[in-house]
Amino acid sequence: MRDAERLVEMQYAMLLRRDVARLPDLYAPEAFYAMPGVTVRPIELPALLRTWTGAFGDLRVDPMGAVRTGGGAAVELRLTGTHTGTLHSPYGTVAPTGRLVSWEVADVVRARKGRITAWRSYFDWSQLLDALGVQLEGLSRAAQHDALALPV
């Protein structure tokens, strides 16, 4: 669906320009944005994405491929950035490490009548946290949270 592809390109461009305040305009009122550990309404999306651009001030989006689906699009991409701000994760917070990291993401987007109705962003937290030097393997969820609360 061309609408979904156009909307995906618009959202990535707005993110790269750090123009996230207008992102809710791309979404239908009943829509949602979900990533591992969090789901938000369109009005909450700017704050969520500001946490990512705050953690990775030079965040880059490199699409690697896209597939058109019946009601939307699926995009595979690589995100790259230097970890210069606090990263909030489902496991706790990670203090800035100064590391340049990359991680892979798959975004599955549904659209209807020129608006995004659902955006699901899939990625592996352990891949990202490992790249930042945070080891979670073998730790309980509580211990993972404690480990992340300390400067890395």
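Quick caveat, the model's predicted, so the values are computed rather than measured.

Engineer: Let's hear about the overall build of the protein: which residues, and what values?
Structural biologist: When helices and strands are counted, the protein shows four helices and eight strands. The secondary structure elements of the protein, listed N-terminal to C-terminal, are α-β-β-α-β-β-β-β-β-β-α-α. Among the 152 residues that make up the protein, the fraction classed as buried is 43%. In the protein, of all internal contacts separated by at least 6 residues, the share reaching a separation of at least 24 is 59%. A total of about 7,700 Å² of accessible surface is found on the protein, and carbon and sulfur atoms cover 53% of it.

Engineer: Can you lay out the pattern of salt bridges for me, pointing to particular residues and giving the numbers?
Structural biologist: Under the criterion given, the structure shown has seven salt bridges. The salt bridge involving Asp 19 is made with Arg 17; its shortest N-O contact spans 3.4 Å. Ionic contacts of the salt-bridge type, sharing partners, join the residues Arg 17, Asp 19 and Arg 22 into one network.

Engineer: Residues and numbers for unusual backbone geometry, please.
Structural biologist: With a phi angle near 65 degrees, Arg 18 is a residue other than glycine that sits in the positive phi range. Of note, Arg 18 is situated in the loop between α1 (2-16) and β1 (27-35).

Engineer: Mind laying out the confidence of the model for the protein, listing which residues take part and the relevant values?
Structural biologist: When pLDDT is averaged along the protein, the result is 88; 88% of the residues meet or exceed 70. In the model of the protein, helix α4 (residues 141-149) stands out as the element of lowest mean pLDDT, 50, in contrast to strand β8 (residues 115-122), which has the highest, 97. Throughout residues 147-152 the model reports pLDDT below 50, and contacts reaching past four residues in sequence, or to other chains, amount to 17 contacts.

Engineer: Go over the environment of Ala 73, please, and point to the residues and values.
Structural biologist: In this fold, Ala 73 is placed in strand β4 (residues 72-82). Placed 34 residues apart in sequence, Ala 73 and Asp 107 show a C-alpha to C-alpha distance of 8.1 Å. Residues within four places of Ala 73 in sequence aside, it is in contact with Ala 4, Glu 5, Val 67, Arg 68, Asp 107, Val 108 and Val 109.

Engineer: Could you give me a rundown of the packing of aromatic side chains, with the residues and numbers involved?
Structural biologist: Two numbers describe a pair of aromatic rings. These are the distance of the centres and the angle of the planes. Within the structure shown, the criterion is met by eight aromatic pairs. Geometrically, the ring pair formed by Trp 52 and Trp 103 is tilted, given 5.9 Å between the ring centres and 35 degrees between the ring planes. Highlighted residues: Trp 52 in helix α2 (residues 45-55) and Trp 103 in strand β7 (residues 100-112), separated in sequence by 51 residues. Its relative accessible area of 8% is what places Trp 52 among the buried residues. Owing to a relative accessible area of 1%, Trp 103 belongs among the buried residues under this scheme. Seen from their ring centres, Trp 52 and Phe 123 are 5.8 Å apart, and the 90 degrees between their planes marks the pair as edge-to-face. In this pair, Trp 52 sits in helix α2 while Phe 123 sits in the loop between β8 and α3 (125-131), placing the two residues 71 residues apart along the sequence. Neither residue differs from the other here; Trp 52 and Phe 123 are each classed as buried. Every member of this aromatic cluster is reached through a ring pair, and the members are Trp 52, Phe 56, Trp 103, Phe 123 and Trp 125.

Engineer: How would you sum up the sheet that holds β4? Please name residues and give values.
Structural biologist: If you trace the six strands from one edge of the open sheet to the other, you get β2-β1-β8-β7-β4-β3, paired in mixed fashion. Of all the strands in the sheet, just β2 (38-40) and β3 (60-69) have a single pairing partner and so form its edges. Going from strand to strand, the sheet's axes swing by 15 degrees on average, the running direction of each strand aside. Strands β1, β2, β4 and β7 of the sheet are contacted by α2, whose axis makes an angle of about 35 degrees with β1.

The rules we used
Residues numbered from 1 in each chain as written. Predicted model: local features only at pLDDT ≥ 70, side-chain atom pairs only at ≥ 80, totals over all residues. Heavy atoms only, no water. Helix = DSSP H or I, 4+ residues; strand = E, 2+ residues; numbered from the N terminus. Buried < 20%, exposed > 50% of the residue type's maximum accessible area, 1.4 Å probe, protein only. Contact = heavy atoms within 4.5 Å. Areas by Shrake-Rupley, 256 points an atom, 1.4 Å probe, with all protein chains shown as cover. Salt bridge = Lys/Arg side-chain N within 4 Å of Asp/Glu carboxyl O. pLDDT = per-residue confidence, 0-100. Phe/Tyr/Trp six-rings, centres within 6.5 Å; stacked < 30°, edge-to-face > 60°. Pairing = 2+ DSSP bridges. Axes fitted to C-alpha atoms, helices over the stretch in contact; angles between N-to-C directions.

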